[in-house]
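# Inside the fold
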Number of protein chains: 2
Amino acid sequence: MSLLSVGSVAFDKIETPFGKSDKILGGAGTYIGLAASKLGVKNAIVSVVGGDFPQEYLNLLQTSGSDISGIEIIPTGKTFFWEGKYHIDMNSRDTLVTELNVLEQFDPKISDEWKSPRIVMLGNLHPLVQASVLNQIEDTDLVVMDTMNFWMDSTWDELIKVIERVDVLTINDEEARQLSNEYSLVKAARKIMDMGPKYLVIKKGEHGALLFHENQVFFAPALPLEEVFDPTGAGDTFAGGFSAYLANSNEINFDTMKAAIIMGSALASFTVEKFGTERLIEVTNEEINDRLKQFEALTQYEMDLP
Amino acid sequence: MSLLSVGSVAFDKIETPFGKSDKILGGAGTYIGLAASKLGVKNAIVSVVGGDFPQEYLNLLQTSGSDISGIEIIPTGKTFFWEGKYHIDMNSRDTLVTELNVLEQFDPKISDEWKSPRIVMLGNLHPLVQASVLNQIEDTDLVVMDTMNFWMDSTWDELIKVIERVDVLTINDEEARQLSNEYSLVKAARKIMDMGPKYLVIKKGEHGALLFHENQVFFAPALPLEEVFDPTGAGDTFAGGFSAYLANSNEINFDTMKAAIIMGSALASFTVEKFGTERLIEVTNEEINDRLKQFEALTQYEMDLP
């Protein structure tokens, strides 16, 4: 019942209408690992950082519960850095700085111990890096892949080849439209599942997430919050909670994926309450359970059909 | 178990990315009445039309099941006319023509037979017209009110006075923000409920609808459709299905309102499939039941909490 995640471990600097952060801990691998650890799932993060990356952050990931032996440290390199600014609606943001740094030469190496994880979660990275991970996997029950429009613009052919090989693809609504060239998300989903993935998750931010599989569809709303303080990492936390829930499930099917989507949404609803990983790190099991109950109240109803 | 609705009965002319309509039957009162009739709820439409309004349309409303004795005909007047054009995302539209015509002098008269309906549904109209209806009501279990940004811009004081008197307010997300001066919908809902309504429904179009009551919140998604052909009337169909479901309920409380929201969403999901009222008119009980089952599959999940 283990989860291998591959993704950036990075520095983020964030400005929202509510404040500015310093250079803080970020990256897809970070959020996925923290989410998995919160759910008590045995997990490893495969990534790369520079010599400027604080030991304190590595300790944090490790003591939270992630195996960090797969995080390569390049002493002469600098860690991936992203700086961004959110607008009042929090659904749109401007990227101010992207410094790939050590991520540019990232050559992930999967240790023997981790070549047969129950679930592989490929965080948003160059498709050739994602492919390289898949090439090293010997056995797994499910491969989940995240990506973004940037790779559709710059490495289309490589991206399509990875998408062919995964079981679940998670992207946002605009990316689903770009990938399929269909405006209707229902039509987009059908086309994308024809490309390879058996399941498709379309993330709509504050408007929730859709899960498609064959002719079935499931919808999970985002929890209506008083304030969304900082959306950074919400999508990665969602992916981490989703994958980790499945790693712990006896069965992996449409029904357990529904519950996994709810778990991902619940964890993501914490992440947005403070800057970066701050809220996710401190969240307790009791708080997670309370939030799952809130999701139940938010979505479940009884209705007599005539 | 009766529903009194007051709203426009009108001509619409619509252009969408999929085609153009002629001058066709439209108006909030029309959609609310048709939705209620579909659910077998005794209902009356109070409205006004001009001498140019086809008898055929009146017959349609009547044979569908609405009491149309409250639709005043002004032989020398012209019927309210709206013309609009939708963009590719279908969430935004341009109003090309608005001719109020007979609606400008609308003075609704409620017959003695209809002064004590189980539910009153005030469609989007001038707040003084809505107030005039409430002044004529002798007894009712629930008043539901729809309105729009236009009245917030032009008749704020009158609008606030009607809002104070209703039990349920239905508006869209932008209108909720304008009415409350709060960006967060959770904060907006609290402020708006402080203005009078015990329940608030925030309609988010293709992103579903939220129901607020005291500290509770419920969310119903819109059904993901292959194509949204024409969104005109979706909000009014929703309001009609919602009110009519409650008119038929033994109890009116948060739980039955959840189901009412689902019924409103289900009926609205038909309306958007063709131009104007075309699809709603032809829909069968079996189709409605099938769609309610689709909503169940779309939203219901099972999850063991630890």
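Everything that follows concerns the structure shown earlier in this document.
An account of the accompanying structure is given in this report. Just so you know, these numbers come straight off a predicted model, no measurement behind them.

From N to C terminus, chain A includes eleven helices and 15 strands. Relative to the compact-globule value of 19 Å for 306 residues, chain A shows a C-alpha radius of gyration of 18 Å, a close match. Counting only C-alpha atoms and orienting by the principal axes, one finds that chain A spans roughly 70 × 40 × 35 Å. Burial analysis of chain A (306 residues in total) assigns 59% to the buried set. Accessible surface computed for chain A: about 12,400 Å², of which carbon and sulfur atoms make up 46%. The average position of the 25 basic charges and that of the 46 acidic charges among the side chains of chain A differ by 2 Å.

Our focus in this paragraph is the interface of chain A and chain B. Taken together, the contacts link 39 residues of chain A with 39 residues of chain B. Carbon and sulfur atoms make up 57% of the area that chain A and chain B hide from each other, which totals about 3,700 Å². In terms of surface lost to chain B, no three residues of chain A exceed E226(A), Y301(A) and M303(A), which account for 19% of the buried area on that side. R190(A) serves as the salt-bridge partner of E226(B), at 2.1 Å between the closest nitrogen and oxygen. For the pair chain A and chain B, the number of links is 19 residue pairs in polar contact (both at pLDDT 80 or more).

Residue and element names in this part refer to chain A. Taken together, the side chains of K13, K20, K23 and K85 define a basic patch exposed on the protein surface. With respect to the element layout, K23 can be found in the loop between β3 (19-20) and β4 (24-26). A relative accessible area of 44% places K23 in the partly exposed class.

With that settled, consider the packing of aromatic side chains. Under the defined criterion, the tally for this structure stands at 17 aromatic pairs over all chains. Seen in terms of ring centroids, F11(A) and F53(A) are 5.6 Å apart; in terms of plane orientation they differ by 40°. Their pairing is tilted. One end of the pair, F11(A), is in strand β2 (residues 10-16); the other, F53(A), is in the loop between β5 (42-50) and α2 (55-64), and 42 residues separate them in sequence. Here the basic side chain of K23(A) rests over the ring of F81(A), its NZ or CZ set 4.8 Å away from the ring centre. Above the face of the Y183(B) ring, R177(B) is positioned so that its terminal group lies 4.0 Å from the ring centre.

Glancing now at the packing of helix α6 (residues 173-180) of chain B against helix α7 (residues 185-194) of chain B. All names here are of chain B. The geometry of α6 relative to α7 is characterised by a closest axis approach of 9 Å and an angle of 60° between their N-to-C directions. If you check the angle between α6 and α7, you find them oblique. Regarding α6 and α7, the two cross each other, and that crossing is left-handed. From α6, D173, A176, R177, L179 and S180 reach across to α7, where they touch L185, A188, K191 and I192. The class makeup of the residues in the contact of α6 with α7 is five nonpolar, one polar and three charged.

Let us now look at empty space enclosed by the protein. All names here are of chain A. For the coordinates displayed, the defined rule picks out one cavity of 30 Å³ or more. Approximately 60 Å³ is the volume attributed to the largest cavity. The wall of the largest cavity is formed by L4, A44, V46, D67, S69, G70, K109, I110, S111 and W114. For the lining of the largest cavity, a count of residues per class yields five nonpolar, three polar and two charged.

This brings us to the packing of helix α3 (residues 127-136) of chain B against helix α5 (residues 156-163) of chain B. All names here are of chain B. Where α3 meets α5, the closest approach of the two axes is 8 Å, and the angle between their N-to-C directions is 30°. Judged by the inter-axis angle, α3 sits roughly parallel to α5. The handedness of the crossing between α3 and α5 comes out as left-handed. Contacts between α3 and α5 involve P127, L128, Q130, A131 and L134 from the former and E158, L159 and V162 from the latter. Tallied by class, residues from the contact of α3 with α5 come to six nonpolar, one polar and one charged.

What follows concerns the relation of the copies chain A and chain B. Mapping chain A onto chain B calls for a rotation angle of 180° and an axial translation of 0.0 Å; the resulting RMSD is 0.0 Å. What the superposition gives is, in effect, a two-fold axis relating one chain to the other. When the interface residues of chain A are mapped onto chain B, 100% of them again fall at the interface, so both copies present the same face.

All names here are of chain A. A positive phi angle, near 60°, is found at N181, a position not held by glycine. Relative to the elements of secondary structure, N181 occurs in the loop between α6 (173-180) and α7 (185-194). Its identity as a non-glycine residue notwithstanding, E214 has a phi of 50°, on the positive side. Within the fold, E214 resides in the loop between β14 (209-213) and β15 (216-220).

With that out of the way, let us pick up the pairing of strand β9 (residues 93-99) of chain A. Residue and element names in this part refer to chain A. Where strand β8 (residues 81-86) lies against β9, six bridges are found, and the strand directions are antiparallel. Each residue of the ladder has a partner; that of Y86, found in β9, is R93. Remark: six residues form the turn of the hairpin made by β8 and β9, two consecutive strands paired antiparallel; M90 in that turn has positive phi of roughly 65°.

Moving on, we come to the side chain of S66(A). Residues and elements named next belong to chain A. Its place among the elements puts S66 in strand β6 (residues 66-67). On the accessibility criterion, S66 (5% relative accessible area) is buried. A polar side-chain atom of S66 sits 3.5 Å from the main-chain carbonyl oxygen of G33. At a separation of 3.2 Å, a polar atom in the side chain of S66 contacts the side chain of S37. Residues contacting S66, with those up to four places away along its chain left out, are G33, S37, N43, I45 and L61.

Moving on: the pattern of salt bridges. All names here are of chain A. What the rule picks out here adds up to 32 salt bridges over all chains. Residue E273 is joined to R279 by a salt bridge in which the shortest nitrogen-to-oxygen separation is 2.8 Å. Among the charged side chains, a network of salt bridges with common partners joins E273, K274, R279, E282, E287 and R291.

What follows covers helix α2 (residues 55-64) of chain B. Structural remark: α-helix, 3.6 residues per turn; residues separated by three or four positions point the same way. Residues and elements named next belong to chain B. Those residues of α2 not exposed but buried are Y57, L58 and L61. Each buried residue of α2 sits inside an arc of 100° when the element is viewed along its axis, so together they form one side. Away from its buried face, by an angle of more than 90 degrees, α2 presents the exposed residues E56 and T63. In this structure, the buried side of α2 is in contact with β2 (10-16), β4 (24-26), α1 (28-38), β5 (42-50), β6 (66-67) and β7 (71-74). Looking one or two residues past α2, G65 carries a phi angle of roughly 135°, positive in sign.

Cut-offs applied
- Residues numbered from 1 in each chain as written.
- Chains lettered and ligands numbered in written order.
- Predicted model: local features only at pLDDT ≥ 70, side-chain atom pairs only at ≥ 80, totals over all residues.
- Heavy atoms only, no water.
- Helix = DSSP H or I, 4+ residues; strand = E, 2+ residues; numbered from the N terminus.
- Rg over C-alpha atoms; globule rule 2.2 N^0.38 Å.
- Buried < 20%, exposed > 50% of the residue type's maximum accessible area, 1.4 Å probe, protein only.
- Areas by Shrake-Rupley, 256 points an atom, 1.4 Å probe, with all protein chains shown as cover.
- Lys, Arg positive; Asp, Glu negative; His and termini not counted.
- Charge placed at Lys NZ, Arg CZ, Asp CG, Glu CD.
- Contact = heavy atoms within 4.5 Å.
- Buried area = accessible area lost by both parts, 1.4 Å probe.
- Salt bridge = Lys/Arg side-chain N within 4 Å of Asp/Glu carboxyl O.
- Polar contact = N/O pair within 3.5 Å; in protein donor to acceptor, adjacent residues only side chain to side chain.
- Patch = residues over 30% accessible without salt bridge, like charges linked within 9 Å, V, L, I, M, F, W, Y side chains within 5 Å.
- Phe/Tyr/Trp six-rings, centres within 6.5 Å; stacked < 30°, edge-to-face > 60°.
- Lys NZ or Arg CZ within 6 Å of the ring centre and 35° of its normal.
- Axes fitted to C-alpha atoms, helices over the stretch in contact; angles between N-to-C directions.
- Parallel < 35°, antiparallel > 145°, perpendicular 65-115°, else oblique.
- Left-handed = near helix turned anticlockwise from the far one by under 90°.
- Nonpolar A, V, L, I, M, F, W, Y, C, P; charged D, E, K, R; others polar.
- 1 Å grid on protein atoms, 1.4 Å probe; cavity = no way out; pocket = protein on both sides within 12 Å on 5 of 7 lines; lining within 4 Å.
- Points joined across faces, edges and corners; volume = space filled by probe spheres on them.
- Least-squares fit on C-alpha atoms with pLDDT ≥ 70 in both.
- Pairing = 2+ DSSP bridges.
- Arc of directions from axis to C-beta.

Everything listed here is a matter of coordinates, which is why it stays silent on function.
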